[in-house]
Amino acid sequence: MNKERIAFLDYVRVVACLLVMLVHASENFYGADASVGLASNMSYVANEANRFWVAFYDGGVSRTAVPLFMIVSAYLLAPMGAGQTMGSFYRRRFMRILPPFICFLLLYSLLPLLWGGMTWEQSVNDLKLLPFNFPSMAGHLWFMYPLISLYIIIPVVSPWLQKATAREELTFIGFFAFTTLIPWLHLFVSPELWGECFWNQFTAFWYCSGYLGYLVLAHYIRVHLQWSRQRRLRLGTLFFLIGAAFTAWSFWWKGVPGQPIETPLLEWSWEFCTPNVLCATFGLFLLFTCIQPKKGKAPAVVTEVSKLSFGMYLMHMFFLAPIAGLIINGDPANPLLPVWLAIPAIALLTYICCIITTKLMSLLPGSRYLCGC
């Protein structure tokens, strides 16, 4: 039995998927090693144009992509439906995501061998580590692990969500919001906080932190937030602009052209559980809730791309890397297109390639095990 689709969530998926690709397109313009493309442990901003446009696209426009996907999952799945057991929930959710995930773990470990994108030694090492982490050519698959964690915890927190009052949920969200300061405190105050030490990583606020906070926030918005559409538009815009502006500025501040810098220092406020990203994500999600199609449904093209979005996310690095290589032409300081156009061009071309490929894959028998659609 298919649940009725929620139109604005289809728009969220369609946009968030593009934002993920915009993030990875931007990384090509501050990675210290131009041959690798994406940002690694060291970064290097070549000039003022790269500094501004990476800050704008990656920080200001796109940093909300991952939290938006988390909120969508939580909005739809938490709490569990009446009569649903932990076992049935796990079977349904993990059969949805694990087969395609495993498929692409293998593809990223093997397929680049065909065009010399990796060595046999690298491939073998990646395959050995697959039970423990993502392969070296698929850093974007990090997202799957916190998503799995979110699915694991939903049956645990569902009974509380079913009974919690608005005030009780706000109390937890307050604790979560406080924990988003931890990345800054680690950087500017102390690398060890509230019980952290080399023999203990579970701090005083450990169980209030991370993407569980976005899960509770999603439920609060769906069940308890009774703001009018006009108020959501006004405050959503305000929250998004404040959060996005700070996120963009944080990169611009540290990304001095011509000076190599450790990537964590450059991206000091780009973690997805920081106050600015939380602020921007909350605002942008409120704006999406204001979408009210005339017939209650999103246009067919939006619904179709939304259905394909999981497969698009899984495969997009296969397309983004060569497209970025062509446009950048080995010199991030002087790409074939101006940087302000190069970054969205890489993302859009990748997006289109992924739509076409995922749609074709969806026509194959058993496609839900290959690309989740």
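Keep in mind the model is a prediction, meaning the values are calculated, not measured.

This part is about helix α6 (residues 144–163). Here α6 is 20 residues long and its end C-alpha atoms lie 29 Å apart, about the 28 Å a rise of 1.5 Å per residue gives. For α6, the principal kink sits at Val157 and spans about 50°; a proline, Pro159, occurs within the next four residues. Looking at the buried positions of α6, the neighbouring elements they touch are α3 (65–77), α4 (86–110), α7 (166–179), α9 (212–223) and α13 (300–328).

Here we come to the environment of Leu9. Mapped onto the elements, Leu9 comes out in helix α1 (residues 7–27). Accessibility expressed as a relative area gives 1% for Leu9, which makes it buried. Note: C-alpha distance between Leu9 and Thr247 (238 residues apart in sequence) is 24 Å.

The next subject is unusual backbone geometry. Along the chain, Ala78 connects to Pro79 via a cis peptide bond; the corresponding omega equals -5°. Summarising the element assignment, Pro79 is placed in the loop between α3 and α4. Of note, the phi angle at Trp194 is positive, near 50°, even though the residue is not glycine. With respect to the element layout, Trp194 can be found in the loop between α8 (182–188) and α9.

Okay, the packing of aromatic side chains next. Taken as a whole and assessed by the stated rule, the structure comprises 42 aromatic pairs. Where Phe8 meets Tyr75, the ring centres are 5.6 Å apart and the plane angle is 85°; that geometry is what we call edge-to-face. Separated by 67 residues along the polypeptide, Phe8 in helix α1 and Tyr75 in helix α3 bring together distant segments of the chain. Put simply, the rings of Trp184, Phe188, Phe246, Trp249, Trp253 and Trp268 pair up and form one aromatic cluster. Positioned over the ring face of Trp252 is Arg51, at 3.9 Å from the centre of the ring.

Counting 107 residues, the largest nonpolar core has Leu141, Met144, Tyr214, Leu215 and Phe285 as the members making the most contacts within it. In terms of residue count, the dominant contributor to this core is α13 (15 residues). The residues contacting Leu141, other than those within four sequence positions of it, are Phe101, Leu105, Tyr108, Phe134, Tyr313 and Leu314.

What follows deals with the pattern of salt bridges. Per the stated rule, a full pass over the model turns up five salt bridges. The closest approach of N and O atoms between Asp10 and Arg13, which form a salt bridge, is 3.2 Å. In this pair, Asp10 and Arg13 are both assigned in helix α1, three residues apart and thus about one turn of the helix distant. By relative accessible area, Arg13 is classed as buried at 18%. Residue Glu304 pairs with Lys359 through a salt bridge whose shortest N-O separation is 2.9 Å. In this pair, Glu304 is assigned in helix α13 and Lys359 in helix α14 (residues 339–362), connecting sequence segments 55 residues apart.

Calculation criteria
Residues numbered from 1 in each chain as written. Predicted model: local features only at pLDDT ≥ 70, side-chain atom pairs only at ≥ 80, totals over all residues. Heavy atoms only, no water. Helix = DSSP H or I, 4+ residues; strand = E, 2+ residues; numbered from the N terminus. Expected span 1.5 Å × (residues − 1). Bend = angle between axes of the 7 residues up to and from the residue. Contact = heavy atoms within 4.5 Å. Buried < 20%, exposed > 50% of the residue type's maximum accessible area, 1.4 Å probe, protein only. Phe/Tyr/Trp six-rings, centres within 6.5 Å; stacked < 30°, edge-to-face > 60°. Lys NZ or Arg CZ within 6 Å of the ring centre and 35° of its normal. Core = buried A, V, L, I, M, F, W, Y, C linked by side-chain atoms within 4.5 Å. Salt bridge = Lys/Arg side-chain N within 4 Å of Asp/Glu carboxyl O.

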